Structure formats: C-alpha cells, structure tokens
Amino acid sequence: QVQLVESGGGSVQAGGSLRLSCAASADSASFRCMGWYRQAPGKEREGVADILGTSDPSRYYGAFVRGRFTISRDTATNTLYLQMSNLKPEDTAMYYCAARRRGCGLDPDKVDYWGQGTQVTVSS
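Residues numbered from 1 in each chain as written. Predicted model: local features only at pLDDT ≥ 70, side-chain atom pairs only at ≥ 80, totals over all residues. Heavy atoms only, no water.

(A) Looking closely at the overall build of the protein. Looking only at helices and strands, the protein has zero helices and eleven strands in total. Here the C-alpha radius of gyration of the protein, 13 Å, is about what a compact globule of 124 residues would show, namely 14 Å. Projected onto the principal axes, the alpha-carbon positions of the protein cover approximately 40 × 25 × 25 Å. Within the protein, buried positions represent 44% of all 124 residues. By sequence separation, contacts in the protein at least 24 residues apart represent 57% of the contacts at least 6 residues apart. (Helix = DSSP H or I, 4+ residues; strand = E, 2+ residues; numbered from the N terminus. Rg over C-alpha atoms; globule rule 2.2 N^0.38 Å. Buried < 20%, exposed > 50% of the residue type's maximum accessible area, 1.4 Å probe, protein only. Contact = heavy atoms within 4.5 Å.)

So this is what it looks like as structure tokens:
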C-alpha cells in the first residue's frame, strides 16, 4: 500500500518561506510523476507543481506560482519537496502530496495517490 506523508507546513508572514516534504512509503521511482496540490476553504483543489522522475527534469507549475516555488524529487530517499518563497496570504491552504502512475500535469482528477495534507497559513 502506498503512503504519502507530508511535513513542513506551518504559519509564516507574507514574504516568508517554507519547505514542504513528502515521504513516500513505496519506491517513488515507480511513479511517473509526483506533485503538490492545494485546497483552500471553499475552493476546489488545484495543482501547484508536478515533476517527472530525475531522468527527465520536466516540471509543471500552476500559473499562480510565478517563479516563487520550486519542486524537486529525490528518488534515492523516496522524498518529494516543495520550496516556497515570497509567500502570500492567498497561498494559505492545505497542501497535498500526490503521485501518478501514468502521465503528468496538474489535474487533480488524474492523481492515483494522495497524502493527508499539511497546512500552510500565511498572514499579512
């Protein structure tokens, strides 16, 4: 059974930074892509960033990221990261780690596995 466990969320002021981590219980190399999604209260879940395996550096980012976030993946330790900087109050949401067996992108309907989420709160 695949388990994805997020950590690193917290509360920061606008302009601050956070680094999210996601530890995968299974061999993450078996996933075509891994990524981060977020969901704010009353809003739909949206894709933040997605990344292929390390043999291909292709990454996908939501339009709202605008160079502020960087996704990375360490298949040796089955860990996914999201470095977030210049955080804004509108980034406040529950952030979820996700994995796909096939394909890549930012469509939450295509995700095969979800973590439980880690809360990020940005105050102004």
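(B) Geometry of the nonpolar core. If you look at the biggest cluster of nonpolar residues, it comprises 28 residues, and the most contacted ones within it are Met 34, Trp 36, Leu 82, Met 84 and Tyr 95. Going through the elements one at a time, strand S3 (18-24), strand S4 (33-39), strand S5 (46-52), strand S7 (69-74), strand S8 (79-84), strand S9 (93-100) and strand S11 (118-123) are the ones with two or more residues in this core. (Core = buried A, V, L, I, M, F, W, Y, C linked by side-chain atoms within 4.5 Å.)

(C) Fine view of the pattern of salt bridges. Applying the stated rule across the entire model yields three salt bridges. Here Glu 46 makes a salt bridge to Arg 38, at a shortest N to O gap of 2.8 Å. Residues Arg 38 and Asp 91 are paired through a salt bridge, measuring 2.8 Å at the closest nitrogen-oxygen approach. Of the two residues, Arg 38 is situated in strand S4 and Asp 91 in the loop between S8 and S9; the sequence distance between them amounts to 53 residues. Note on accessibility: Arg 38 and Asp 91 belong to one class, buried. What you see here is one network of salt bridges that share partners, running through Arg 38, Glu 46, Arg 68 and Asp 91. (Salt bridge = Lys/Arg side-chain N within 4 Å of Asp/Glu carboxyl O.)

(D) A look at the pairing of S11. In S11, alternate side chains face the same way, and those of Thr 118, Val 120 and Val 122 are buried while those of Gln 119, Thr 121 and Ser 123 on the opposite face are not. Where strand S2 (residues 10-13) meets S11, four bridges bridge the pair, whose relative direction is parallel. Bridge pairing in S11 places Gly 10 opposite Val 120. Summarising the sheet, S9 and S11 pair through three bridges and their orientation is antiparallel. Bridging across to S11, Met 94 finds its partner in Gln 119. (Pairing = 2+ DSSP bridges.)

(E) View of the state of the cysteines. Taken as a whole and assessed by the stated rule, the structure comprises two disulfides. Note on cysteine connectivity: Cys 22 is disulfide-linked to Cys 97, with sulfurs 2.0 Å apart. The S-S bond linking Cys 22 to Cys 97 shows a torsion near -75°; that makes this disulfide left-handed. Placement of Cys 22 in strand S3 and of Cys 97 in strand S9 is noted, with a sequence separation of 75 residues between them. An identical accessibility class is assigned to Cys 22 and Cys 97; each is buried. With a sulfur-sulfur separation of 1.8 Å, Cys 33 is cross-linked through a disulfide to Cys 104. (Disulfide = S-S within 2.5 Å.)

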